[in-house]
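Given next are the chains, with one letter for each unit.
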Amino acid sequence: MAPPRGTLRLWAAVFWLAVWQLAAMGLAAAYPHGDLLLASPLSSLARLGELAVTAVFWRAVGWSACRILGGFLLSCVTAAALAALAARHDRVRELLAPPVAAVKATPVASFIILALVWLDGGRLPLFIAFLMVFPPVYLNLLEGIRRTDAKLLEMARVFRVPLIRRLRGIYLPQVLPYFRSAASLGLGLCWKAGVAAEIIGLPAGSMGERLYTAKIYYQTPDLFAWTGAIVAVSALFERLFLRLVDAAAGKAAV
C-alpha cells in the first residue's frame, strides 16, 4: 500500500540532514567562525540533549505550552459558539465576516505590535494564538454546520429528537471532519504565532525569550536546539489533540 501523500519519509529526512551537516562543515572550513553562521545537526542535537535534562528547559516548555495552547483551546470554544450562531442567523454571519477577513489578511507581526499597546508580554502569546486560530476554525465549523444533511435535521424535528441527541447523532459526525482539518492547521499556526509573540514581547522564562537570547549572543547551537524543541512540542500536541478528535468522532459514529 502506498504511503499517504505528504507523509514524511525517513530517507528524505536523512538526505536533508546530510545536506545540513555538509553545509555546516563547509562553512566551518571556509570561515574562522563558520559554526556561528550555521550549527551542525549533530551539535544542535547534542545541545538539545544538554538542555532537556535541565529544569529551566521544561519550565520554558510548560510556560509557553500553557499560554499558546490555552489560546488555541479558547479560540476553538469561541469559534464553535459563534459558528453555531452564524449558521443560524445570517446577520451574525454578515457581522463577523469583516473582522474574520481582516484577521486572515493582516500580518501576525502587526497584531503583535498593536497588542503590546494594551497587553503585557505574559498575556501576549495567549491572545495572538487565540486570534490566529479563530478564522480557520470558525470558517471550517461554519461550513461543516451549513453542510449538515437537511433531511436528517428535518426528520429530527418531525420526531422531536432532543437537542443533545441531535448534536451527538447528526451534527458531530458531520462537523468533526471539518473541525479536525481546522485544528490541524490551527495548532501549527498557534505555535508559530505564539512563539513570534514571545520573541517580540519577551515574557520571562518562555521559549521565545530563549530563542531571542540565543540569537543575541550568537549561541547558534542553542538557537537550533530551541527551534527543534518548539517543532517537536508542536508536533506532539498536534498528534495528541487529533487523536482525541478522532476518538470523539468514533464515539459519535457509534
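Attention in this report is confined to the structure presented alongside it. (Residues numbered from 1 in each chain as written. Predicted model: local features only at pLDDT ≥ 70, side-chain atom pairs only at ≥ 80, totals over all residues. Heavy atoms only, no water.)

1. Observations concerning the overall build of the chain
Within the chain, the secondary structure is distributed over 11 helices and 0 strands. Listing each helix as α and each strand as β along the chain from the N terminus yields α-α-α-α-α-α-α-α-α-α-α. For the chain, the spread of C-alpha atoms along the principal axes amounts to about 80 × 55 × 35 Å. Buried residues in the chain amount to 33% of all 254 residues. A total accessible area of about 15,500 Å² is found for the chain, and carbon and sulfur atoms account for 68% of it. Counting 25 positive and 13 negative side-chain charges, the chain places the averaged centre of each group 9 Å from the other. (Helix = DSSP H or I, 4+ residues; strand = E, 2+ residues; numbered from the N terminus. Buried < 20%, exposed > 50% of the residue type's maximum accessible area, 1.4 Å probe, protein only. Areas by Shrake-Rupley, 256 points an atom, 1.4 Å probe, with all protein chains shown as cover. Lys, Arg positive; Asp, Glu negative; His and termini not counted. Charge placed at Lys NZ, Arg CZ, Asp CG, Glu CD.)

2. Things to note about the pattern of salt bridges
The final tally for this structure, using the stated rule, is 6 salt bridges. Residues Asp-90 and Arg-93 are paired through a salt bridge, measuring 2.9 Å at the closest nitrogen-oxygen approach. Here Asp-90 pairs with Arg-93, and both are found in helix α5 (residues 90–105), just 3 residues apart, close to one helical turn. Taking relative accessible area as the criterion, Arg-93 reaches 22% and is therefore assigned partly exposed. Of the charged contacts, one joins Glu-143 and Arg-147 as a salt bridge, the two residues approaching to 2.5 Å between their closest N and O atoms. (Salt bridge = Lys/Arg side-chain N within 4 Å of Asp/Glu carboxyl O.)

3. Some thoughts on a nonpolar patch on the surface
On the surface, a cluster of nonpolar side chains totalling about 700 Å² of accessible area is made up of Ile-113, Leu-116, Ile-199, Ile-200, Leu-202, Tyr-212, Ile-216 and Tyr-217. For the nonpolar patch, the secondary-structure elements that each account for two or more residues are α9 (163–201) and α10 (207–216). Judged by relative accessible area, Ile-200 falls into the partly exposed class, the value being 39%. (Patch = residues over 30% accessible without salt bridge, like charges linked within 9 Å, V, L, I, M, F, W, Y side chains within 5 Å.)

4. Observations concerning the packing of aromatic side chains
By the definition in use, this model includes 9 aromatic pairs. Ring centres of Phe-72 and Phe-241 lie 5.1 Å apart, and the angle between their planes is 85°; this geometry places the pair in the edge-to-face category. Here Phe-241 lies in helix α11 (residues 220–253) and Phe-72 lies in helix α4 (residues 55–88), a separation of 169 residues in the sequence. Per residue, the accessibility class of Phe-72 equals that of Phe-241, and both read buried. Feature note: the residues Phe-57, Trp-58 and Trp-226 constitute an aromatic cluster, connected by ring pairs. One cation-aromatic arrangement involves Arg-67 over Trp-63; the distance from NZ or CZ to the ring centre is 3.7 Å. (Phe/Tyr/Trp six-rings, centres within 6.5 Å; stacked < 30°, edge-to-face > 60°. Lys NZ or Arg CZ within 6 Å of the ring centre and 35° of its normal.)

5. Observations regarding the nonpolar core
Grouped together as the largest cluster of nonpolar side chains are 41 residues, with contacts concentrated most on Phe-72, Val-137, Tyr-138, Phe-179, Cys-190, Trp-191 and Met-207. Looking at this core, the elements that each hand over two or more residues are α4, α5, α7 (124–146), α9, α10 and α11. Examining the composition of this core, we find that 11 residues originate from one element, α4, more than from any other. Setting aside anything within four residues of it in sequence, one finds Val-137 in contact with Cys-76, Ala-79, Phe-179 and Ala-182. In terms of nonpolar packing, the next biggest core, distinct from the first, is built from 10 residues, Phe-111, Ile-112, Ile-128 and Leu-131 among them. (Core = buried A, V, L, I, M, F, W, Y, C linked by side-chain atoms within 4.5 Å. Contact = heavy atoms within 4.5 Å.)

6. What about helix α3 (residues 41–52)?
Helix length check: α3, at 12 residues, gives a terminal C-alpha distance of 16 Å against a target of 16 Å (1.5 Å per residue), a fit within 8%. Buried within α3 are the following residues: Pro-41, Ser-44 and Leu-51. Projected onto a plane normal to the axis of α3, the buried residues spread over an arc of 85° and lie on a single side. (Expected span 1.5 Å × (residues − 1). Arc of directions from axis to C-beta.)

7. Thoughts on the environment of Leu-36
Here Leu-36 shows up in helix α2 (residues 34–37). In this view, Leu-36 contacts Tyr-218 and Thr-220; residues no more than four positions away in its chain are not counted.

8. Re the side chain of Ser-40
Locating Ser-40 in the fold gives a position in the loop between α2 and α3. Once residues within four sequence positions are removed from consideration, Ser-40 is found in contact with Trp-20, Gln-21 and Ala-24.

9. A look at the state of the cysteines
All chains considered together, the criterion is met by 0 disulfides. Left without a disulfide partner, Cys-66 is nearest to the cysteine sulfur of Cys-190, which lies 13 Å away. Considering cysteine sulfurs only, Cys-190 is the nearest to Cys-76, which forms no disulfide, with 8.6 Å between them. (Disulfide = S-S within 2.5 Å.)

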